[in-house]
Amino acid sequence: MTDTDTDTGAGAGTDSAVAPPGARHASLERRRVVVHGVVQGVGFRPFVYALASELGLTGWVTNNADGVETEVEGALPDVAAFCRRLASDAPPLAIVESVEPRTVPTAGGSGFTIRPSAGGGGRTLVSPDMATCDDCLAELADPGDRRYRHPFISCTHCGPRFTVVTGLPYDRALTTMAGFPLCADCAREYADPADRRFHAQPVACHACGPRLTLVTRGSAGPRPTGEDALAGARRLLAAGAVVAVKGLGGYHLACDASDPAAVQTLRTRKNRGAKPFAVMAGSLETVERLVFTSPLERELLLGRRRPVVLLRRRDGSGAGPGSGSGSGSRGRAGYGPRSLVTDGVAPGSPDLGVLMPYTPVHHLLLGLPGDPAGPPVLVMTSGNRSGEPIVTDDEEALVRLDGLADAWLTHDRPVRVPCDDSVVRVCARQELPVRRSRGYAPLPVALPVEVEPALAVGGDLKNTFCVAEGRYAWLSAHVGDMDDLATLTAFESAVGQLSELTSVTPRLLVADLHPGYRSGQWADRHAEGRPVRRVQHHHAHVASAMAEHGLDGSVPVIGVAFDGTGYGDDGAVWGGEVLLADYDGFRRFAHLAYVPLPGGDAAVRNPYRMALSQLRAAGLPWSDELPCVAACPPAERRLLERQLDRGINCVPTSSMGRLFDAVASLAGVCHRVEYEAQAAMELEHAALTAAGDIRSSGYRFGLPAAPRPGDAPWSADPAPVLAAAVEDLRAGADASTVAARFHGAVVSLVHEVCRAARDRTGLATVALTGGVFCNALLTSGCAQRLERDGFTVLRHRTVPPNDGGLALGQLMVAARIRPS
């Protein structure tokens with residue numbers, strides 16, 4: 001087919017681009033170019049059309065399963081400029097991974113056309129869901145625009161992508177918008193290459209798009225729709241109700257963040273314990289009344305991805321008259337004098353998880369200018385029961401969220417892929433991912449070496465999995481904790497969906513070494529004759545950090561892997577590890593001294609049990625004046641003593657996470673936990689409140705005077721740290737002093753051990769990884785100390801240091817193709 005043949009797709013016949021006179025007498029060149037990357041659903045074809053027209057080139061462009069394919073013909077300098085500018089001038093949401101041109105015979109023609117998408121095998125990259133862009137927000141608030149207050153306004157530069165895709169190439173027929181035929185006005189925009197909504201697959205308007213519906217518990221009357229549904233939801237939120245709000249990747253549970261009763265109701269119904277909620281505020285002005293922000297934190301809050309950003313709270317949580325509210329609704333009656341965020345939102349925490357609206361529904365819920373008064377800040381937490389995955393199906397939401405929500409603000413656009421909010425924090429002026437999900441998934445991680453087609457199933461906490469082939473790995477959105485059937489079902493569905501989108505057919509499965517992990521058991525059940533390879537937990541953590549920094553594994557690194565639990569090669573519970581590692585293997589250079597983990601999960605839920613175990617191992621008495629001893633009931637104390645004497649249900653552990661728990665209880669900061677890492681987080685918060693810079697003095701771990709013979713690892717003894725902490729407490733020191741000095745001791749330990757490893761091996765690159773390094777105080781302290789001493793420090797910036805990044809490391813260890 002030549003360029004003059006008839007095309008039937010959008011853009012056919014738009015042969016208005018005629019080569020300028022100067023080009024017609026120059027030597028002609030024709031190239032076929034394939035562009036790989038995130039290039040579908042992001043305005044790439046109209047960009048190509050406009051670029052070719054500007055340069056006076058003829059040809060065509062289409063989507064296919066590999067990406068975007070185009071042919072251009074014209075003067076050689078113009079064709080070369082076209083190929084160069086495909087990457088340099090790409091649309092805002094595009095990520096161009098490669099541009100592959102090849103010369104083909106000239107064919108003539110008089111214009112440039114946009115051809116229909118082509119199917120077939122291959123691979124392209126799907127864009128994550130993106131926040132509503134400024135142009136759409138302006139239309140949303142403009143009474144003269146036909147999409148004024150349209151709850152699903154979007155364009156090529158924003159809106160749902162990953163969560164609505166059902167297949168490739170990315171066209172409307174292969175999204176959950178397929179059931180919404182375009183009206184005449186939207187169809188004209190969709191077919192016009194000069195329009196911002198050209199081939200924007202979720203495009204719609206009031207006449208042809210999805211509809212909001214409000215379902216109220218116990219109401220037998222007609223269900224309000226459209227603007228009435230939205231207004232009803234806002235009234236319910238203002239009255240203290242809990243409303244389930246359907247978003248891009250599933251449901252949220254929302255309530256007025258300033259209403260103590262509403263927040264407590266949600267906390268009780270969800271069995272949330274003391275775990276902090278995230279909040280959504282409608283403007284940066286409101287956010288800055290609640291928290292302190294840096295330039296990078298403001299960039300994260302206002303960017304296209306819109307994660308939850310963990311920020312330091314201001315005293316008073318924005319209380320006071322005129323404290324503001326959502327966009328355009330300042331000074332609303334009933335919301336001036338009281339705190340914008342009640343203390344029950346994040347009890348005892350100096351940090352607040354904050355996100356900005358990222359869908360039109362969020363903006364409308366918080367209010368446009370002139371709207372009636374409503375809550376200026378909303379609690380926004382995942383719509384699920386404790387331990388279950390986020391709810392996406394509408395009928396299921398009415399059942400699974402019954403008893404949690406008073407009403408449901410839903411709509412009829414299906415969610416294809418569950419996708420929780422991402423969570424990040426800023427640590428030493430760099431973004432640190434805590435949960436990588438909406439806005440980030442399914443962007444691939446470029447790999448430093450090739451891997452065979454594989455599926456790595458991750459761990460059992462904060463599960464994400466990973467599929468990979470060649471030089472790319474695709475990490476899933478956050479799945480959750482693999483402790484119930486609903487999560488396992490969601491995991492299996494997500495595996496199938498991501499494998500289909502990436503065209504990866506795994507020939508190998510990879511899992512954690514722990515025999516009891518449900519993720520590993522799932523891999524065994526679904527192997528279907530394929531090998532299942534097991535990777536040690538902390539080795540995977542170190543490999544994950546190496547991979548995201550592009551290390552090919554030819555030189556080992558010093559891997560500092562600190563977390564709560566990981567199955568060790570010797571059957572013990574590891575978690576305070578310093579490994580000399582590459583992708584092929586690891587050697588344990590040092591670890592925390594083993595202590596008994598009395599009662600397993602009971603010790604995790606009750607940090608005072610770990611404190612008493614650590615005191616006993618250190619030869620320190622259980623004195624009644626110590627907070628951890630006082631917290632343990634006398635009967636349990638006697639039972640615990642017998643348990644430790646006899647070694648009953650006392651697996652040895654080297655876990656740094658458990659040591660943080662023990663010190664938190666010893667200092668009187670936290671004795672019982674209601675959510676994962678609560679004690680460690682509260683200990684970090686206590687350290688941050690210490691007067692002066694006392695972190696660099698006071699406590700030191702015990703280390704051998706000289707390296708042990710052979711390959712026997714060092715054992716770092718926390719006994720001197722515990723003894724110094726006990727002495728401080730008896731002298732009247734407060735918890736913040738103990739917490740700060742403990743953090744300083746861990747930083748010094750990391751530095752000392754890494755120096756010893758460098759002295760013995762010559763290695764000078766350190767990877768800081770594992771869930772304990774979500775602690776910004778510890779991470780920044782270690783990085784600064786090591787960098788001052790000449791080390792290269794690898795910190796996580798693409799995948800989380802916790803188990804949410806584990807699958808990437810599993811994959812690199814097990815699936816790497818080794819040179820022959």
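Residues numbered from 1 in each chain as written. Predicted model: local features only at pLDDT ≥ 70, side-chain atom pairs only at ≥ 80, totals over all residues. Heavy atoms only, no water.

Engineer: How should the side chain of Ser654 be read in this particular structure?
Structural biologist: Residue position: Ser654 is located in the loop between strand 24 (650–653) and helix 19 (656–666). Its relative accessible area of 1% is what places Ser654 among the buried residues. Within the local environment of Ser654, its side chain forms a polar contact with the backbone nitrogen of Gly575, the two atoms lying 3.4 Å apart. When near neighbours in sequence (up to four residues on either side) are disregarded, Ser654 contacts Val573, Trp574, Gly575, Gly576, Glu577, Arg588, His591, Leu592, Ala593 and Tyr594. (Helix = DSSP H or I, 4+ residues; strand = E, 2+ residues; numbered from the N terminus. Buried < 20%, exposed > 50% of the residue type's maximum accessible area, 1.4 Å probe, protein only. Polar contact = N/O pair within 3.5 Å; in protein donor to acceptor, adjacent residues only side chain to side chain. Contact = heavy atoms within 4.5 Å.)

Engineer: Would you mind showing me how to read the sheet that holds strand 1 (residues 28–38) here?
Structural biologist: With respect to topology, 5 strands assemble into an open sheet ordered 4-1-3-2-5, the strand pairing being mixed. Looking along the sheet, the strands with just one partner apiece sit at the ends: strand 4 (95–103) and strand 5 (112–114). Averaged over all pairs of adjacent strands, the angle between their axes in this sheet comes to 15°, without regard to strand direction. Note: strand 2 (residues 58–64) against strand 3 (residues 67–75), 7 bridges, orientation antiparallel. Bridge pairing links Asn64 to Gly67 in strand 3. Running at roughly 175° to strand 5, helix 2 (residues 44–54) makes contact with strand 1, strand 2, strand 3, strand 4 and strand 5 of the sheet. Against the sheet, helix 3 (residues 76–88) makes contact with strand 1, strand 3 and strand 4, and its axis sits at roughly 155° relative to strand 3, the strand it touches most. (Pairing = 2+ DSSP bridges. Axes fitted to C-alpha atoms, helices over the stretch in contact; angles between N-to-C directions.)

Engineer: Whenever I open this one, the confidence of the model for the chain confuses me. Can you help?
Structural biologist: For any part of a model where pLDDT is low, the fine detail of the predicted coordinates should not be relied upon. In this model, the chain carries a mean pLDDT of 90, and residues with pLDDT of at least 70 account for 92%. When the criterion is pLDDT under 50, residues 1–25 qualifies, and its contacts beyond four places in sequence or with other chains add up to 51 contacts. (pLDDT = per-residue confidence, 0-100.)

Engineer: Teacher, can you tell me more about the packing of aromatic side chains here?
Structural biologist: The geometry of two aromatic rings is summed up by the distance between their centres and the angle between their planes. Taken as a whole and judged by the stated rule, the model has 9 aromatic pairs. Relative to Phe47, the ring of Phe44 has its centre 5.2 Å away and its plane inclined at 70°; by these criteria the two rings are edge-to-face. Here the residue Phe44 and the residue Phe47 both occupy positions in helix 2, the gap between them amounting to 3 residues, near one helical turn. The residues Phe44 and Phe47 share a single accessibility class, namely buried. Both rings, one in Phe491 and one in Trp522, keep their centres 4.9 Å apart while their planes meet at 85°; by these two values the pair is edge-to-face. Placement of Phe491 in helix 12 (residues 485–502) and of Trp522 in helix 13 (residues 518–525) is noted, with a sequence separation of 31 residues between them. Each member of the pair Phe491 and Trp522 is classed as buried. (Phe/Tyr/Trp six-rings, centres within 6.5 Å; stacked < 30°, edge-to-face > 60°.)

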